[in-house]
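The chain contents come next:
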Amino acid sequence: MNFIFHKGQLLVREDEPALPDAAALERMGLAPATLQPLGLLDGRYCQAGWFDLEPALPPGHAWRGLRALFGVIDEALVGVAGRAAQVAEWARTHRFCGVCGSGTVLAVGERCFKCVNCGHMAYPRISPAMMVLIRKGDSVLLAKHLQHATQRFVPLAGFLEAGESIEEAIHREVFEEVGLRVHNLRYFASQSWPFPHSLMLAFTADYLEGEIRVDTSEIAEARWFGPDDEWPERVPQMSISSVLVDAHRPPGR
């Protein structure tokens, strides 16, 4: 199974949609050196690759963003596509050493590029991020993030800073974004989020004190949603954000 990317978009056949076959990639002139192994899915070998320059596409093929494939193709296939996107981008951006500029080669026995000159080693980047749903009685806090792709009401989220624990990041982000203090943090679940290389760690927390005061550089709006309120539209549970919200959604909302 071939997961091939160009500028972050996946190559698919439009009729099903499905992944391109080997014949299509051969016609497009894909360089074998770009291909990276991913493992097996349902007993089928999977590999990731990329094009630096956009090639002429065979008839019936198109580039599609991964978000656009949520709910369109099999969930397991979307999961592997997310892994493939991260591996392909890591391989594309580490052909040369970030320390001395020399070429790199794959290290033996691990997913790592090693500099042929200075020995610097580069592993796939993973950026941890926190997500938290704040509870206040039978209400929860949801916000519209200015940079969020869908502009929906979702839980608060943000990236960890160097030296922070997940818990410290939650307390910092909550206070910075909405001016609240929380306690009773509880782990909910995690999800790889390949936009472009995040690991989302979701929690719940209980409201402690404060009034909502949004950081207008990051948050468009934040408010409490309770059993008597009109809740945001339910979306397919492909993201941990949807799962977290639906786990606390009142019946009928």
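Residues numbered from 1 in each chain as written. Predicted model: local features only at pLDDT ≥ 70, side-chain atom pairs only at ≥ 80, totals over all residues. Heavy atoms only, no water.

Caption draft 1: Main features of the environment of serine 239. The residue serine 239 is located in the loop between β14 (219–225) and α4 (240–246) in this model. For the pair serine 239 and arginine 67, spaced 172 residues apart in sequence, the C-alpha separation works out to 10.0 Å. For serine 239, the contacting residues outside a window of four places in its chain are Gln191 and Trp193. (Helix = DSSP H or I, 4+ residues; strand = E, 2+ residues; numbered from the N terminus. Contact = heavy atoms within 4.5 Å.)

Caption draft 2: Fine view of the domain arrangement of the protein. When its domains are assigned, the protein resolves into domain 1 (2–94), domain 2 (95–125) and domain 3 (127–248). Using only C-alpha atoms to locate each centre, domain 1 and domain 2 end up separated by 24 Å. Contacts between the two partners involve 13 residues from domain 1, matched on the other side by eleven residues from domain 2. Buried surface at the junction of domain 1 and domain 2, both sides included, amounts to about 930 Å², of which 50% is carbon and sulfur. (Domains from an automatic or database assignment. Buried area = accessible area lost by both parts, 1.4 Å probe.)

Caption draft 3: Representation of the side chain of glutamine 86 in the model. Positionally, glutamine 86 belongs in helix α2 (residues 75–92). On the accessibility criterion, glutamine 86 (15% relative accessible area) is buried. Within the local environment of glutamine 86, its side chain forms a polar contact with the side chain of serine 192, the two groups lying 3.2 Å apart. Among residues more than four places away in sequence, those in contact with glutamine 86 are Arg125, Ser192, Pro194, Pro196, His197 and Ser198. (Buried < 20%, exposed > 50% of the residue type's maximum accessible area, 1.4 Å probe, protein only. Polar contact = N/O pair within 3.5 Å; in protein donor to acceptor, adjacent residues only side chain to side chain.)

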